[in-house]
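Each chain, letter by letter, is given below.
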Amino acid sequence: MMSQNKTALPDLINDTTDVGNLHTNSSTTSAWDEVAAILSGLIGGGRYGLKIRIPHAFVMTFLFGNKLSFRRKLQVIAKLAAEHFINL
């Protein structure tokens, strides 16, 4: 059975927190925080790109790369994945 807390909603409604001060001001953000955010975005985008591109390149290379050796197919997959990582 859920407990009935009747004061939770009015407390949230009457909260006088200044919403304008909740976001981070650029003057209080250090350069290291900005560098960390940029690196995080690069790593996240690259991981997402590789997660999508490697399976796609694998399937397409094995479907349409009939004349390529197995080693060459792996090289093509790695090259396509690296290009996609860099482009993202």
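Keep in mind it's a predicted model, so treat the numbers as computed, not measured. (Residues numbered from 1 in each chain as written. Predicted model: local features only at pLDDT ≥ 70, side-chain atom pairs only at ≥ 80, totals over all residues. Heavy atoms only, no water.)

Per the counting criterion, the structure on display carries 2 aromatic pairs. Residues phenylalanine 58 and phenylalanine 62 carry aromatic rings whose centres are separated by 4.6 Å and whose planes lie at 45 degrees to one another, so their mutual orientation is tilted. Residue phenylalanine 58 and its partner phenylalanine 62 are both found in helix H2 (residues 31–64); the two are separated by 4 residues, about one turn of the helix. Judged by its relative accessible area of 43%, phenylalanine 58 falls in the partly exposed class. Each ring, one from phenylalanine 62 and one from phenylalanine 70, has its centre 6.0 Å from the other, and the planes form 55 degrees; the classification is tilted. Given the relative accessible area of 29%, phenylalanine 62 is considered partly exposed. (Phe/Tyr/Trp six-rings, centres within 6.5 Å; stacked < 30°, edge-to-face > 60°. Helix = DSSP H or I, 4+ residues; strand = E, 2+ residues; numbered from the N terminus. Buried < 20%, exposed > 50% of the residue type's maximum accessible area, 1.4 Å probe, protein only.)

On to helix H3 (residues 70–87). A rise of 1.5 Å per residue sets the reference length of H3, with its 18 residues, at 26 Å; its end C-alpha atoms lie 26 Å apart and thus fit the reference within 8%. Within the sequence span of H3, burial applies to Lys73, Val76, Ile77 and Ala81. Buried positions in H3, seen along its axis, are confined to an arc of 130 degrees and lie on one side of it. Of the exposed residues in H3, those oriented more than 90 degrees away from the buried face are Arg71, Lys79 and Ile86. (Expected span 1.5 Å × (residues − 1). Arc of directions from axis to C-beta.)

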